[in-house]
Amino acid sequence: MKFHNLYSFFFKGTSLLCGVVLFPLSCASVGSGKESEVQSWLTRGNESIKLQQQTPVRFVKNANNWQNIEIDDTQKFQYVDGFGYTLTGGSVEVINRLSSSKRKALLHELFGNDKNSISISYLRLSIGASDLDGRVFSYDDLPEGQTDPSLSKFSLANDKDLIAMLKEILAINPKIKIIAAPWSPPVWMKDNGKSKGGSLKPDFYRVYADYFAKYILGMKKEGITIDAVTPQNEPLHPGNNPSLFMPSDQQRDFIKGHLGPVFKSHNIKTKIVVYDHNCNKPEYALDILKDPEAYQYIDGSAFHLYEGDISALSTVHNAFPDKNLYFTEQWTGSKGTFNEDLNWHVKNVVIGSMRNWSRIALEWNVANDPQYQPHTDGGCTECKGAITVSDSENFTRNVSYYIIAHASKFVPAGSQRIASTQTETLSTAAFKTPAGKTVLIIQNGNSTDESFNIKYNGKTAPVILSGNSAATYVFLI
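Since this is a predicted model, take the numbers as computed values, not measurements. (Residues numbered from 1 in each chain as written. Predicted model: local features only at pLDDT ≥ 70, side-chain atom pairs only at ≥ 80, totals over all residues. Heavy atoms only, no water.)

**Q** I'd love a proper account of helix 9 (residues 312–319), names of residues and values included.
**A** All of the buried residues along helix 9 are Ala312, Leu313, Ser314, Val316 and His317. For helix 9, the elements touching its buried residues are strand 9 (271–279), helix 7 (282–289), strand 10 (298–308), strand 11 (324–329), helix 10 (338–355) and strand 13 (358–365). (Buried < 20%, exposed > 50% of the residue type's maximum accessible area, 1.4 Å probe, protein only. Helix = DSSP H or I, 4+ residues; strand = E, 2+ residues; numbered from the N terminus. Contact = heavy atoms within 4.5 Å.)

Next up, the structure:
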């Protein structure tokens with residue numbers, strides 16, 4: 001059964017009027033012109049259709065007895081900063097393996113704004129190496145036993161390829177926003193002297209704050225604005241390589257005593273966002289935000305969803321409604337299926353984070369090779385990028401490409417979330433864009449088709465959404 005077309009299977013004996021298969025309506029009630037059309041794009045979990053535009057349907061005044069998904073643009077919530085991925089060093093490395101023409105085409109497809117682009121509007125970077133770099137590094141690596149409290153050896157040279165690609169991306173989308181997070185400080189600042197695990201020595205709190213400042217100012221000299229930072233990626237997971245253990249009391253003291261004051265002294269406007277870890281520990285963010293000295297420097301909190309429930313973001317929002325929320329990472333893996341990942345991630349990462357006050361929704365890495373490389377020794381061996389680069393002329397679009405595309409292509413930065421109802425099987429998030437368009441993202445968690453009406457300002461548009469599918473609807477009325 002074709003998506004959106006309501007066949008006579010449902011309406012036996014009705015007539016087809018004005019070329020639209022809907023209900024036995026008059027041409028006048030169907031309406032005319034694109035202002036009453038609902039455009040839509042569909043991805044099915046069975047992979048038979050991927051981000052494919054469907055036949056438009058129209059808003060009508062006549063009612064039916066189907067369930068309604070009602071949009072109310074008088075109820076307004078958070079503004080959206082964007083949707084995207086982490087541009088890891090490994091992602092840069094494999095994208096650079098493409099031929100010049102293929103590489104240029106891919107960057108325009110990811111970051112451009114034409115009909116063939118998915119218009120990524122937000123990126124996450126690692127400050128130094130992440131576990132999806134080919135090797136571990138910081139911006140101030142020294143021989144064992146040496147320290148550099150003045151940061152005289154600080155250099156962004158290890159990120160030269162990433163910086164070059166960011167400049168290309170900014171040429172395509174000058175408004176793209178960036179959040180950055182370290183996986184580890186330089187090892188000489190740590191109590192175990194290793195890239196994996198350990199904690200930041202209190203004696204180096206101020207030096208590490210200066211390290212952040214040097215990074216932000218250094219990137220600024222390259223023409224790259226870092227909009228926000230988190231003090232540590234996954235601070236309660238010291239088993240990765242690289243990584244750092246930074247419990248909430250340490251992060252609180254680092255922010256209020258050092259990072260915040262250093263940013264203030266340098267007139268750095270980059271936002272400080274706490275936590276950057278799983279939804280099972282919202283108390284981590286709450287503990288820091290409860291401290292009035294730390295609170296003054298903090299823009300908000302960041303979350304992942306490898307543990308816990310996405311509603312944790314609302315828990316923090318309800319306690320501190322003046323602070324922002326950010327959803328910064330979720331990976332798809334080598335053992336996952338397209339169907340399971342599409343539906344779980346659209347429901348939880350995209351729709352779930354937005355319904356729980358997040359300003360962004362980010363999947364994990366942009367790209368890797370067919371062996372899930374590059375990664376560090378001890379880094380993630382199963383993380384699947386949005387793109388798999390197989391050779392100089394070929395790349396594959398994976399499930400996280402479509403997960404993010406269903407939002408990024410249609411919901412630009414500056415959009416505002418508005419109210420939309422849900423059902424037991426239909427998860428939804430609705431937005432009003434700066435251009436005045438209404439965008440509705442729906443995920444059907446049922447294995448069978450769902451018939452429903454999109455209801456807006458007293459009018460309804462009847463549609464059918466395939467089982468285990470995601471769709472984005474766009475209209476301007």
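**Q** Could you give me a rundown of the state of the cysteines, with the residues and numbers involved?
**A** Inspection of the entire model under this criterion finds one disulfide. One disulfide bridge connects Cys380 with Cys383, the sulfur atoms lying 2.1 Å from each other. Residues Cys380 and Cys383 are joined through a disulfide that is right-handed, its torsion about the S-S bond being 100°. Given the relative accessible area of 15%, Cys380 is considered buried. The exposure class assigned to Cys383 is buried, which follows from its relative accessible area of 3%. For Cys279, which is in no disulfide, the shortest distance to another cysteine sulfur is to Cys383 and amounts to 18 Å. Here Cys279 falls in the buried class, since its relative accessible area comes to 4%. (Disulfide = S-S within 2.5 Å.)

**Q** Explain the sheet that holds strand 13 to me, and be specific about the residues and the numbers.
**A** Strands sit in the order 5-6-7-8-9-10-11-13 around a closed barrel of eight strands; the barrel is parallel. Note that strand 6 (residues 122–127) and strand 7 (residues 177–182) share six bridges and pair parallel. In the sheet register, Ser126 faces strand 7, and the bridge partner there is Ala181. Running at roughly 155° to strand 9, helix 6 (residues 248–265) makes contact with strand 8 (228–229), strand 9 and strand 10 of the sheet. Contacts between helix 10 and the sheet are confined to strand 5 (82–86), strand 10, strand 11 and strand 13, with strand 13 contributing the most and set at about 150° to the helix. (Pairing = 2+ DSSP bridges. Axes fitted to C-alpha atoms, helices over the stretch in contact; angles between N-to-C directions.)

**Q** Explain the confidence of the model for the chain residue by residue, including any values.
**A** Mean pLDDT for the chain: 93, with 93% of residues reaching 70 or above. Confidence drops under a pLDDT of 50 for residues 1–32, and excluding neighbours within four residues, the segment shows 67 contacts in the predicted structure. (pLDDT = per-residue confidence, 0-100.)

**Q** Could you give an account of the sheet that holds strand 17 (residues 394–397), with specific residues and numbers?
**A** With respect to topology, three strands assemble into an open sheet ordered 14-16-17, the strand pairing being mixed. Of all strands in the sheet, those with a lone pairing partner are strand 14 (367–368) and strand 17, marking the two edges. In this sheet, strand 16 (residues 387–391) lies alongside strand 14 in parallel orientation, the contact comprising two bridges. Bridged to Ala367 within strand 16 is Ile387.

**Q** Break down the domain arrangement of the chain for me, with residues and values.
**A** By convention, interface size is frequently given as the accessible area that disappears when the constituent parts associate. Per the domain assignment, the segments making up the chain are domain 1 (37–75 + 420–475) and domain 2 (82–413). A straight line from the C-alpha centre of domain 1 to that of domain 2 covers 32 Å. If you look at the interface, domain 1 gives 28 residues, while domain 2 gives 20 residues. Between domain 1 and domain 2, roughly 2000 Å² of surface is buried when both sides are summed, and carbon and sulfur atoms account for 71% of that area. Three residues stand out in domain 1 for area buried against domain 2, namely Leu51, Ile441 and Gln443, and they jointly supply 27% of the buried area on that side. (Domains from an automatic or database assignment. Buried area = accessible area lost by both parts, 1.4 Å probe.)

**Q** Talk me through the packing of aromatic side chains; I want residue IDs and the actual numbers.
**A** As enumerated under the stated definition, the model contains 22 aromatic pairs in all. With a centroid separation of 5.5 Å and an interplanar angle of 35°, the aromatic rings of Tyr208 and Tyr211 are classed as tilted. In this pair, Tyr208 and Tyr211 are both assigned in helix 5 (residues 205–221), three residues apart and thus about one turn of the helix distant. Overall, Tyr208 belongs to the buried group, its relative accessible area being 0%. Of the residues examined, Tyr211 reaches a relative accessible area of 0% and is grouped as buried. Three or more aromatic residues link up through ring pairs in this structure, and these residues are Phe137, Tyr139, Phe154, Tyr205, Tyr208, Tyr211, Phe212, Tyr215 and Phe254. (Phe/Tyr/Trp six-rings, centres within 6.5 Å; stacked < 30°, edge-to-face > 60°.)

**Q** I'd like a description of the pattern of salt bridges, backed by residues and values.
**A** This model, assessed by the stated rule, comprises 16 salt bridges. Glu37 is the partner of Arg58 in a salt bridge, and the nearest nitrogen-oxygen pair spans 3.5 Å. In this pair, Arg58 is assigned in strand 3 (residues 57–58) and Glu37 in strand 1 (residues 37–44), connecting sequence segments 21 residues apart. Grouping residues by exposure puts Arg58 and Glu37 together as buried. Notably, a salt bridge pairs Asp81 with Arg359, separated by 3.0 Å at the nearest N-O pair. One end of the pair, Asp81, is in the loop between strand 4 (67–79) and strand 5; the other, Arg359, is in strand 13, with 278 residues separating them in the sequence. Each member of the pair Asp81 and Arg359 is classed as buried. One salt-bridge network, held together by shared partners, links Asp81, Lys177 and Arg359. (Salt bridge = Lys/Arg side-chain N within 4 Å of Asp/Glu carboxyl O.)

**Q** Describe the pairing of strand 7, listing the residues and the values that go with them.
**A** The element strand 7 is largely enclosed, with a buried count of five among its six residues. Once you follow strand 6 into helix 4 (residues 160–172) and on to strand 7, the crossover reads as right-handed. Pairing analysis gives two bridges linking strand 7 to strand 8, with the strands arranged parallel. Bridge pairing in strand 8 places Ile179 opposite Ala228. (Right-handed = clockwise from strand over helix to strand, strands pointing away.)

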